[in-house]
Amino acid sequence: MDAVDLLVHDVDELLTMDEGEGQLGLRRGVSLAFRAGRLVWVGSPERAPESRERVDGRGCIGLPGLVDAHTHSLFAGSRAEEFQRRLGGVPYTTLLEQGGGILSTVRATRAASDEDLASTLSARLQHFLEQGVTHVEVKTGYALDLEHELRCLELLTSRRWPVRVSPTFLGAHTVPAEWRPDREGYVAFLLGEVLPRAARLAEFVDVYCDRGAFTLQDTRAILEAGLALGLKGRVHAEQVQHTGAAALAAELGCTSADHLERLDPEVVAALGASDTVAVLLPGAMLYLRDPPPPVAALREAGVPLAVATDFNPGSSPVRSLLGCATLSCLTMGLSVEEALLGITRNAGRALGRPELGWLGPGSAADLALFRPPPGEPSAHASLIQYLGGHRAEVVVRDGVRVV
Ligand SMILES: [Zn+2]
């Protein structure tokens, strides 16, 4: 083989995630070679090709670059004071009536300069990268008017960020203050004015279908319009109340249905018969003290399970994807293997990106190496056993070492 650009050699334990459902593809003492932005070889160190750059993988656990399939990372403003008030017993509905909660994030995001929004987002995405995350879905949805929703999408798509970004249009996140008395008018405005322009920039259309937000009928109209414009669909489903949004996602061929805390087990079969991935969000479940989704029924029906941070300033100010994998085990009953698949290969499926979250011929050239916690052997279970705090030792994105 000709010389390669980058050789990561002698990784103690590598999980390739390429051996079928539920299999982690564990290999010990292996090397990986990258050339021209592609993974071109995985094998034993003695057979490694010559390389211009070499990285020592001894003492490390290797995973495909992690994938966070659900975040709201693009926002301005602080909700720290609100967090303290909520701990003190003030209900979220009271905060909303006082112009707080998501409405305060909308005001701050509209008022922020492009540079402030960009530098904050970049710092947040750099933090993800340093934890081994190489691909992050980022939603709009804190602007909620034509000018600022498009500005957010232009920002997401016009720069090179520390991680690759999948931009999602979430104009239907909540009804903004100026449209509060007229939800139907706002939906018509989204359909007529915003979505056709947003579709030129976004990869996904998403809707928050729930009590106090958008109805199932609104959701169908927005998703169908987005799909007709060439977007992929996803939906915030069954979080506060069972609405039927998950079954709608399956019917329309959405790549994912996210949340599912109140999913009626009766409709799990509809998800199981589709290619729609269930994206579980244990951070939001914890902060909102919600019940867990019906994981046993989802597993039984063969629904692929992904796990994401839902990073946002209100219901899930959680930036650790591996930490969420741990929480999915502790609070939802996932196994270590399911949790790891949930932040790699199944997260890639949830984004309609089958090349993400595994390592092999045809996969993305993304790799993350972690040292185990002090005193632990190089075994992947410790990355889930220990809650958060894992910084990647080495990160390769698109075949180039970036950490
Ligand atoms: Zn969300």
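Whatever comes next refers back to the structure up there.
Notes on the structure in this doc start here. Small disclaimer: the values here were computed from a predicted structure and weren't measured.

## Some thoughts on unusual backbone geometry
For step 1, the next point in the chain: Phi is positive for alanine 36, close to 50 degrees, though the residue is something other than glycine.
For step 2, the next point in the chain: If you trace the backbone, alanine 36 turns up in the loop between strand E2 (26–35) and strand E3 (38–43).
For step 3, the next point in the chain: By relative accessible area, alanine 36 is classed as exposed at 63%.
For step 4, the next point in the chain: The backbone of aspartate 310 shows a phi angle near 60 degrees, a positive value even though the residue is not glycine.
For step 5, the next point in the chain: For aspartate 310, the position within the fold is in the loop between strand E13 (305–307) and helix H12 (321–332).

## Some points on helix H3 (residues 102–111)
For step 1, the next point in the chain: Among the residues of H3, those classed as buried are Ile102, Leu103, Ser104, Thr105, Val106 and Thr109.
For step 2, the next point in the chain: Along its buried surface, H3 packs onto helix H2 (92–97), helix H4 (114–130) and helix H5 (146–158).

## Remarks on the coordination of the zinc ion
For step 1, the next point in the chain: Within the protein, the atoms that donate to the zinc ion are His70 (NE2), His72 (NE2), His236 (NE2) and Asp310 (OD), at distances of 2.1 to 2.5 Å.
For step 2, the next point in the chain: Given four donor atoms and angles of 82 to 169 degrees at the metal, the environment of the zinc ion is assigned as irregular.
For step 3, the next point in the chain: The sequence pattern describing where the donors of the zinc ion fall on their chain is H-x1-H-x163-H-x73-D. With histidine 70 in the loop between strand E6 (66–68) and helix H1 (80–87) and histidine 236 in strand E10 (residues 232–237), this pair connects stretches of sequence that are 166 residues apart. Here the two residues histidine 70 and histidine 236 agree in accessibility, since each one is buried.

## Concerning the sheet that holds strand E12 (residues 277–280)
For step 1, the next point in the chain: Within the open sheet, the eight strands sit side by side as E6-E7-E8-E9-E10-E11-E12-E13. Their pairing is parallel. Unpaired on one side and paired on the other, E6 and E13 mark the two borders of the sheet. Taking each pair of neighbouring strands and ignoring which way they run, the sheet shows an average axis angle of 25 degrees.
For step 2, the next point in the chain: Bridging between strand E7 (residues 133–139) and strand E8 (residues 164–172) involves five bridges; their strand directions are parallel. Residue pairing for E8: glutamate 137 is matched across the bridge by serine 166.
For step 3, the next point in the chain: Contacting E7 and E8, H5 crosses the sheet at an angle of about 170 degrees to E8.

## What to know about the packing of H5 against helix H6 (residues 183–198)
For step 1, the next point in the chain: Close contact between H5 and H6 brings their axes to 10 Å; oriented N to C, the two are set at 25 degrees. With respect to H6, the axis of H5 lies roughly parallel. At the point where H5 passes H6, the crossing takes the right-handed sense. Listed contacts from H6 to Leu146, Glu149, Leu150 and Leu153 of H5 are Phe189, Glu193, Val194, Arg197 and Ala198.

## Overview of helix H7 (residues 216–228)
For step 1, the next point in the chain: The end-to-end C-alpha distance of H7 is 18 Å, a good match for the 18 Å that 13 residues give at a rise of 1.5 Å each.
For step 2, the next point in the chain: Residues Asp218, Thr219, Ile222, Leu223 and Gly226 constitute the buried set of H7. The buried residues of H7 all sit within an arc of 120 degrees when viewed along its axis, so they share a single face. Facing away from the buried side of H7, by more than 90 degrees, are the exposed residues Gln217 and Ala228.
For step 3, the next point in the chain: Where H7 is buried, its residues meet E8, H6, strand E9 (204–208), E10 and helix H8 (245–252).
For step 4, the next point in the chain: Looking one or two residues beyond H7, the residue adopting positive phi is glycine 230, at roughly 95 degrees.

Procedures and definitions
- Counting restarts for each chain: residues are numbered from 1 in the order of the written sequence.
- Local features in a predicted model are, by the rule used here, given only for residues with pLDDT of at least 70; side-chain atom pairs are given and counted only at 80 or more, and totals for whole chains, interfaces and linings are based on all residues.
- Note that water and hydrogens are dropped before the side-chain values are worked out from all heavy atoms of the structure.
- Labels follow the DSSP assignment, with helices taken as runs of H or I lasting at least four residues and strands as runs of E lasting at least two, numbered in each case from the N terminus.
- Buried means the residue's accessible area, taken with a 1.4 Å probe over protein chains only, is under 20% of the maximum for its type, while exposed means over 50%, and partly exposed covers the values in between.
- Contacts: residue pairs with any heavy atoms within 4.5 Å of one another.
- In this listing, donors mean N, O and S atoms no farther than 2.8 Å from the metal, or 3.2 Å for Na, K and Ca; water is missing from the atoms, so a site can look incomplete.
- Working rule for geometry: tetrahedral if four donors all subtend angles between 85 and 135 degrees; square planar for four, octahedral for six, if opposite donors exceed 155 degrees and the others stay between 65 and 115; irregular in every other situation.
- A pair of strands is treated as paired once DSSP finds two or more bridges between them.
- Think of each axis as a best-fit line through the C-alpha atoms, taken over the contacting stretch in the case of a helix, with angles from 0 to 180 degrees between the N-to-C directions.
- What sets the label is the angle itself: under 35 degrees gives roughly parallel, over 145 gives roughly antiparallel, 65 to 115 gives roughly perpendicular, and the rest give oblique.
- If you view the pair so one helix is near and one far, a crossing is left-handed when the near helix is turned anticlockwise from the far one by less than a right angle, and right-handed when it is turned clockwise.
- What a helix should span is 1.5 Å times the count of its residues minus one.
- Arc definition: directions from the helix axis to the C-beta atoms.

The values reported here are purely geometric and, on their own, carry no functional implication.
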